[in-house]
Amino acid sequence: MAWALKLPLADEVIESGLVQDFDASLSGIGQELGAGAYSMSDVLALPIFKQEESSLPPDNENKILPFQYVLCAATSPAVKLHDETLTYLNQGQSYEIRMLDNRKLGELPEINGKLVKSIFRVVFHDRRLQYTEHQQLEGWRWNRPGDRILDIDIPMSVGIIDPRANPNQLNTVEFLWDPAKRTSVFIQVHCISTEFTMRKHGGEKGVPFRVQIDTFKENENGEYTEHLHSASCQIKVFKPKGADRKQKTDREKMEKRTPHEKEKYQPSYETTILTECSPWPEITYVNNSPSPGFNSSHNSFSLGEGNGSPNHQPEPPPPVTDNLLPTTTPQEAQQWLHRNRFSTFTRLFTNFSGADLLKLTRDDVIQICGPADGIRLFNALKGRMVRPRLTIYVCQESLQLREQQQQQQQQQQKHEDGDSNGTFFVYHAIYLEELTAVELTEKIAQLFSISPCQISQIYKQGPTGIHVLISDEMIQNFQEEACFILDTMKAETNDSYHIILK
């Protein structure tokens with residue numbers, strides 16, 4: 001019995017000593033950290049927790065999100081503690097994104113047993129490129145016809161239903177999925193970061209992208225328009241195997257840093273957790289989409305408005321007369337953009353006056369509008385005219401001038417130019433671009449305010465006074481700035497004429 005009574009006493013002594021030792025060890029840790037007491041907030045401030053809270057607003061730090069998306073690709077080790085993670089991907093390689101249901105018991109019961117829709121996007125991370133996203137993607141489409149920026153690897157994916165890829169949205173895919181079941185989607189990104197970098201001297205850094213996922217539930221009408229959750233992460237895309245080399249390079253650089261410098265960087269995580277963000281706006285540069293997905297139709301590009309009206313004969317003004325002036329108001333600048341086939345950029349330049357637009361440099365315009373449209377807009381702003389392929393001068397011959405000319409030829413000329421009576425011919429310039437007989441007919445009709453239908457044929461007076469029918473080939477062989485006198489001859493049909501170039 002004595003031994004039985006002593007055992008609990010010995011246990012109490014040992015336990016008391018252990019507690020004191022443990023308290024002392026905690027006290028020492030608190031002194032090293034410079035804190036008076038041990039607190040959970042200090043633990044949450046450690047680097048390993050920075051990834052999850054970096055993009056969350058302060059009032060939602062303890063909020064448990066309904067869904068979580070995990071990209072199965074390692075993050076870069078060369079990212080500072082308070083910066084967003086950066087993940088390198090290989091072009092065209094399939095990467096898994098796990099769709100996880102994080103709801104608490106009883107949370108969002110309305111989606112139990114129902115499907116939700118998720119829309120995947122690859123968008124620009126830089127704000128400058130976000131403003132011109134539509135133009136950047138159209139330029140990419142032009143350089144890579146038939147290709148897509150984002151695709152789903154359907155054979156490898158699990159749990160996705162009705163995957164779709166709109167051919168008009170190269171960077172967007174969508175599908176339905178059941179949160180109660182295992183869902184993994186494998187994505188492929190086909191563009192690389194350096195495709196959207198301004199070319200200067202070579203070796204330019206690629207621009208970062210964002211993979212964003214927006215999830216919606218059904219509304220009363222069965223449309224997936226009610227937003228549930230959005231999350232995104234930052235990525236860079238390299239040519240095949242380039243991401244592996246970049247990851248290795250970053251790791252080797254970090255190994256060469258001192259322990260003190262390494263403390264300023266976050267470690268490389270095996271997977272990338274997408275952090276909560278605002279839902280992607282559904283307003284695009286082409287049209288306003290009332291709801292996400294492919295339910296709404298997309299309008300095509302506007303090719304500009306005609307300058308003529310059906311009530312009078314169209315007379316397009318010369319390019320110089322439509323130059324943008326510094327005194328142009330923002331409203332007039334918008335009309336100028338429409339007239340010159342820049343309708344897709346009117347939203348970008350909503351509050352720009354003529355002076356604002358004219359101050360833009362060539363590089364500014366190319367960055368905003370992309371290479372193709374940027375050069376075109378810059379030339380239009382500076383009023384750079386393109387010389388016509390052929391310029392000819394014509395004069396309408398009248399009966400009085402013809403008789404006067406015959407009389408002058410018979411009389412002795414007092415002046416070398418033969419203009420003793422002070423008469424002279426007035427010529428008009430005709431600018432030809434297509435170098436066709438149809439174009440020449442239309443230009444002559446516009447010049448003399450008649451309908452092209454009233455001109456039956458156009459002839460050129462040849463040797464010995466013969467009439468040679470004008471053809472496209474003949475016009476293509478006209479000399480630059482050739483001069484002609486137009487003579488008219490009544491055609492066989494009513495209200496039509498033959499034109500003779502002398």
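Above: the structure in question.
The text that follows walks through the structure, step by step, so that each part is easy to find. As the structure is a prediction and not an experimental result, all values here were calculated from the model.

Things to note about the overall build of the protein chain
From N to C terminus, the protein chain includes 14 helices and 18 strands. The 502 residues of the protein chain split such that 36% are buried. Counting only contacts in the protein chain whose residues sit at least 6 apart along the sequence, the fraction spanning at least 24 positions is 69%. Of the roughly 30500 Å² of accessible surface on the protein chain, a fraction of 52% belongs to carbon and sulfur atoms.

Regarding the packing of helix α10 (residues 362-369) against helix α11 (residues 371-381)
Each packed pair of helices is defined by two parameters, the angle between the axes and the distance between the axes. Where α10 contacts α11, the axes come no closer than 7 Å and their chain directions differ by 135 degrees. With respect to α11, the axis of α10 lies oblique. Where α10 crosses over α11, the handedness of that crossing is right-handed. In this structure, α10 uses R362, V365, I366 and C369 to contact α11, whose residues at the interface are P371, D373, G374, I375, L377, F378 and L381. Class assignment of the residues belonging to the contact of α10 with α11 gives a composition of eight nonpolar, one polar and two charged.

A look at helix α13 (residues 437-447)
Where α13 is concerned, the buried positions are E439, L440, T441, I444 and A445. For α13, the secondary structure elements touched by its buried residues are β13 (390-396), β14 (428-432), β15 (455-461), α14 (472-476), β17 (482-490) and β18 (497-501).

Quick look at the packing of aromatic side chains
Under the defined criterion, the tally for this structure stands at nine aromatic pairs. With 5.4 Å between their ring centres and 85 degrees between their planes, Y88 and F238 make a pair best called edge-to-face. Highlighted residues: Y88 in strand β2 (residues 86-90) and F238 in strand β10 (residues 224-238), separated in sequence by 150 residues. Residue class for F238 comes out partly exposed when judged on its relative accessible area of 23%. Residues F349 and F352 carry aromatic rings whose centres are separated by 5.1 Å and whose planes lie at 80 degrees to one another, so their mutual orientation is edge-to-face. Look at F349 and you get buried, because its relative accessible area is 2%.

With respect to the environment of I187
Examined against the element boundaries, I187 turns out to sit in strand β8 (residues 183-189). Residues I187 and I152 lie 35 residues apart in sequence; the distance between their C-alpha atoms is 4.6 Å. Apart from residues no more than four positions distant in its own chain, I187 is found in contact with Q93, S94, Y95, I97, F120, L150, D151 and V211.

A look at the pairing of strand β9 (residues 209-218)
β9 sits mainly inside the fold: nine of its ten residues count as buried. For strand β4 (residues 116-124) and β9, the ladder comprises eight bridges, and the chain directions are antiparallel. When the sheet's bridge partners are listed, F124 is paired in β9 with F209. Relative to β10, β9 is paired through ten bridges, and the arrangement is antiparallel. When the sheet's bridge partners are listed, Q212 is paired in β10 with S232. Between β9 and the antiparallel strand that follows it, β10, lie five residues; G222 among them carries a positive phi value of about 80 degrees.

As for the pattern of salt bridges
A full pass over the atoms with the stated rule returns 16 salt bridges. The shortest N-O distance in the salt bridge between E138 and R141 comes to 3.4 Å. Here R141 and E138 lie together in helix α5 (residues 133-143), a separation of three residues that amounts to about one turn. Salt-bridge contacts for D151 lead to R148; the nearest nitrogen and oxygen are separated by 3.2 Å.

Details of the environment of V438
Note on placement: V438 falls in helix α13. On the basis of relative accessibility, which here comes to 56%, the residue V438 falls in the exposed class. Taking C-alpha positions, V438 is 10.0 Å from I470, a pair spaced 32 residues apart along the chain.

Focus on the sheet that holds strand β11 (residues 272-273)
In spatial order, the strands read β5-β8-β3-β1-β11; together these five strands make up an open sheet with antiparallel pairing. Bordering the open sheet on either side are β5 (150-152) and β11, each of which pairs with just one other strand. Sheet topology note: the strand β3 (residues 95-101)/β8 ladder contains five bridges and is antiparallel. Considered in β8, the bridge of Y95 is made with I187.

Here's the deal with the nonpolar core
Grouped together as the largest cluster of nonpolar side chains are 40 residues, with contacts concentrated most on L71, I97, M99, F120, V185 and F209. With five residues, the single largest contributor to this core is β10. Among the nonpolar cores identified, the runner-up in size contains 19 residues, and L390, L432, L440 and I444 belong to it.

Notes on α5
Note that an α-helix has 3.6 residues per turn; residues three or four places apart therefore point the same way. Those residues of α5 that sit buried are E133, H134, Q135, Q136, L137 and W140. If you follow the buried residues of α5, they end up packed against β4, α4 (127-131) and α10.

Things to note about the pairing of β17
Sheet topology places β13 next to β17; five bridges connect them, and they run parallel. Paired with V394 across the strands is F484, a residue of β17. Relative to β18, β17 is paired through five bridges, and the arrangement is antiparallel. Counterpart to D487 in the pairing with β18 is I500.

Brief notes about the sheet that holds strand β16 (residues 467-469)
Spatial ordering of the open sheet is given by β14-β13-β17-β18-β15-β16, a layout of six strands whose pairing is mixed. Lying at the two open borders of the sheet, with one neighbouring strand each, are β14 and β16. Across this sheet, the average inter-strand angle for adjacent strands is 40 degrees, counted without regard to direction. On top of the sheet, α13 reaches β13, β14, β15, β17 and β18; it is set at about 150 degrees to β14, its chief contact.

A closer look at the side chain of E84
Within the secondary structure, E84 is located in the loop between β1 (67-71) and β2. Since its relative accessible area comes to 18%, E84 is described here as buried. Only 2.6 Å separates the side chain of E84 from the side chain of R210, close enough to count as a polar contact. Beyond its immediate sequence surroundings of up to four residues, E84 is in contact with V79, H125, R210, S232, C233, Q234 and T275.

The rules we used
- Within each chain, residue numbers correspond to sequence positions counted from 1 in written order.
- Given that this is a predicted model, residues contribute local features only at a pLDDT of at least 70 and side-chain atom pairs are listed and counted only at 80 or more, while totals for whole chains, interfaces and linings are drawn from all residues.
- Heavy atoms throughout the structure, all of them, feed into the side-chain values; hydrogens and water do not.
- Secondary structure counts use DSSP, requiring at least four H or I residues in a row for a helix and at least two E residues in a row for a strand, with both numbered from the N terminus.
- Buried means the residue's accessible area, taken with a 1.4 Å probe over protein chains only, is under 20% of the maximum for its type, while exposed means over 50%, and partly exposed covers the values in between.
- In what follows, a contact means two residues having at least one pair of non-hydrogen atoms within 4.5 Å.
- The Shrake-Rupley method, run with a 1.4 Å probe sphere, supplies the accessible areas, and residue values consider only the shown protein chains as cover.
- For helices, the fitted line uses only the C-alpha atoms of the stretch in contact; every axis is such a line through C-alpha atoms, and the angle between N-to-C directions lies from 0 to 180 degrees.
- Note on terminology: angles under 35 degrees are roughly parallel, angles over 145 are roughly antiparallel, angles of 65 to 115 are roughly perpendicular, and the others are oblique.
- Crossings are classed by handedness, with left-handed meaning an anticlockwise turn of the near helix from the far one by less than a right angle and right-handed meaning a clockwise turn.
- Just so you know the grouping, Ala, Val, Leu, Ile, Met, Phe, Trp, Tyr, Cys and Pro go in nonpolar, Asp, Glu, Lys and Arg go in charged, and all remaining residues, Gly too, go in polar.
- The criterion for an aromatic pair is that two Phe, Tyr or Trp rings (for Trp, the six-membered ring) have centres within 6.5 Å, with stacked assigned to planes under 30 degrees apart, edge-to-face to planes over 60 apart and tilted to the rest.
- A pair of strands is treated as paired once DSSP finds two or more bridges between them.
- We count a salt bridge whenever a side-chain nitrogen from Lys or Arg sits within 4 Å of a carboxyl oxygen from Asp or Glu.
- For our purposes a nonpolar core is just a set of buried Ala, Val, Leu, Ile, Met, Phe, Trp, Tyr and Cys residues, chained together by side-chain atoms within 4.5 Å.
- Two N or O atoms form a polar contact when they lie within 3.5 Å of each other; inside protein one atom must be a possible hydrogen donor and the other a possible acceptor, and for residues adjacent in sequence the pair counts only when both atoms belong to side chains.

Interpretation in functional terms is not warranted from these geometric data alone.
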